[in-house]
Amino acid sequence: MTQSMPLWEVFIRPRNGLAHKHAGSLHAADEVMALQAARDVYTRRGEGNSVWVVPSAAITASDPDQAGENFEPTGDKIYRHPTFYEIPEEVGNM
Amino acid sequence: MYSQGLIGADGQTNETPEFLETFQKRIDAEEKVEPTDAMPEGYRRTLVRQIGQHAHSEIVGMLPEGNWITRAPSLRRKAALLAKVQDEGGHGLYLYSAAETLGVSREEMTEELHSGKAKYSSIFNYPTLSWADIGTIGWLVDGAAIMNQIPLCRCSFGPYARAMIRVCKEESFHQRQGYEIIMTLAQGTPEQKEMAQDSLNRWWWPSLMMFGPHDADSEHSDQSMTWKIKRFTNDQLRQKFIDATVPQAEYLGLKVPDPDLKWNEEKGGYDHGEIDWDEFWRVVKGHGRMNRDRIKDRRAAWERGAWVREAALAHAEKRRARKIAAE
């Protein structure tokens, strides 16, 4: 085979009301075959009621080498969480 | 089956001691390693080999069972066997995907299987001679695979661990349907019971070999344990398998074909007879009864499917061109 099969990422919605979640990937010639293969490979036991396939090449990912720069700054911003604030018990749930 | 994936694995690395130490600290802290993380080349190589061989085992494993689909004794058995073989295909695909995250292509892996460079589990080089073998494979072969795969759900490499969780969930049905087949035969006519016994006689020892060489002869095992790719040694898993399986055979009134098998009160497990390691290595090196047939069948499937892959790609290209023209 001279040309290799494109890679697709598969997302499945387990049931209505939930978001599509990444389930895995597969190779297929086009989106029609990718959907069929995704159904066969990832939903053999009622895992979902909707499937998305996305060409892997269309995904832009954050640079792993910049993970620190990107995500560490939130680590010390504990004031973004509700538990940072002291509310007297008498006030009740807030 | 998957410990055999380490045979010939080369865990050599050239990284600096500081790099290796940092990596080991992450492993020791039970942090998962993801494909884009820095990792020792030996770690990557070991995983590519092990996951690739695991994937090949699932795919080649479809062949001995596929042999009986058209001859299953009832529609119920046939539907279950079809579903099981389809699962094996799915498991192979999850695993190939996990290996591909490490930078190896599906084509390279397929080529290595077909050329004989990559191995697959030795168990699939034994023939399925009777319907009872389908039961025994589910009970013993899938049983041994589950023993191996459950600790792999905690493997330090994220994509492999996640694939294993899916596989383990699905595999439990395989073992139970196999045991049910053997139970039906064992409780049937004397001829059926004899068929079940004959099958156990042929598959018992090859199933024990699935766990790979003795710990003392398993040269790459230590590094894989340190990297938490594997969590138990080959002999530990083999012992667990024997202890779990012998009572299941007794329940069926079948005899495990090992005259030296006996309960050892002190260790709380069974002692067993010597495994024929010459046979094991013969089969691993390509001289089992079915090695050539299995590779021949895989190659034929690949070659005969070439026109389908080419047509699908050509069709996709034509649709793409039409879409662009219409815009």
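The present account deals with the structure reproduced in this document. All of these numbers come straight from a predicted model, not from anything done at the bench.

Definitions and limits used
- Residues numbered from 1 in each chain as written.
- Chains lettered and ligands numbered in written order.
- Predicted model: local features only at pLDDT ≥ 70, side-chain atom pairs only at ≥ 80, totals over all residues.
- Heavy atoms only, no water.
- Helix = DSSP H or I, 4+ residues; strand = E, 2+ residues; numbered from the N terminus.
- Rg over C-alpha atoms; globule rule 2.2 N^0.38 Å.
- Buried < 20%, exposed > 50% of the residue type's maximum accessible area, 1.4 Å probe, protein only.
- Contact = heavy atoms within 4.5 Å.
- Areas by Shrake-Rupley, 256 points an atom, 1.4 Å probe, with all protein chains shown as cover.
- Lys, Arg positive; Asp, Glu negative; His and termini not counted.
- Charge placed at Lys NZ, Arg CZ, Asp CG, Glu CD.
- Expected span 1.5 Å × (residues − 1).
- Arc of directions from axis to C-beta.
- Phe/Tyr/Trp six-rings, centres within 6.5 Å; stacked < 30°, edge-to-face > 60°.
- Lys NZ or Arg CZ within 6 Å of the ring centre and 35° of its normal.

**Focus on the overall build of chain B**
When helices and strands are counted, chain B shows 13 helices and 2 strands. A globule of 327 residues ought to have a C-alpha radius of gyration of about 20 Å, and chain B, at 21 Å, matches this closely. C-alpha atoms of chain B, sized along the principal axes, occupy 70 × 55 × 35 Å. Every one of the 327 residues in chain B was classed for burial, and the buried ones make up 52%. A separation threshold of at least 6 residues defines the contact pool for chain B, and within that pool the share at least 24 residues apart is 80%. When the accessible surface of chain B is split by element, carbon and sulfur atoms take 54% of a total near 15400 Å². Side chains of chain B carry 44 positive and 49 negative charges; the gap between the two charge centres is 7 Å.

**Brief notes about helix α1 (residues 17-28) of chain B**
Residues and elements named next belong to chain B. For α1, spanning 12 residues, the distance from its first C-alpha to its last is 16 Å, which sits close to the expected 16 Å at 1.5 Å a residue. When we look at burial in α1, the residues that qualify are F23, Q24 and I27. Burial along α1 is one-sided: seen end-on, the buried residues are contained in an arc of 100°. Along α1, the residues that are exposed and aim more than 90 degrees away from the buried face are E18, T22 and K25. Next to the buried residues of α1 lie α2 (41-60) and α9 (221-226). Immediately beyond the C-terminal end of α1, within one or two residues, lies E30, with a positive phi of roughly 60°.

**Topic: the packing of aromatic side chains**
Taken as a whole and judged by the stated rule, the model has 14 aromatic pairs over all chains. Here W263 of chain B and Y270 of chain B contribute two aromatic rings whose centre-to-centre distance is 5.0 Å and whose plane-to-plane angle is 80°, an arrangement assigned as edge-to-face. You can call Y270 of chain B buried: its relative accessible area is 11%. By the ring-pair criterion, three or more aromatic residues cluster together here, those being Y79, F84 and Y85 of chain A. Geometry around W68 of chain B places R71 of chain B over its ring, the cationic atom sitting 4.1 Å from the centre. Residue placement shows R309 of chain B over the ring face of W302 of chain B; its charged tip is 3.5 Å from the ring centre.

It is worth stressing that arrangement in space is one thing and function is another; only the former is reported here.
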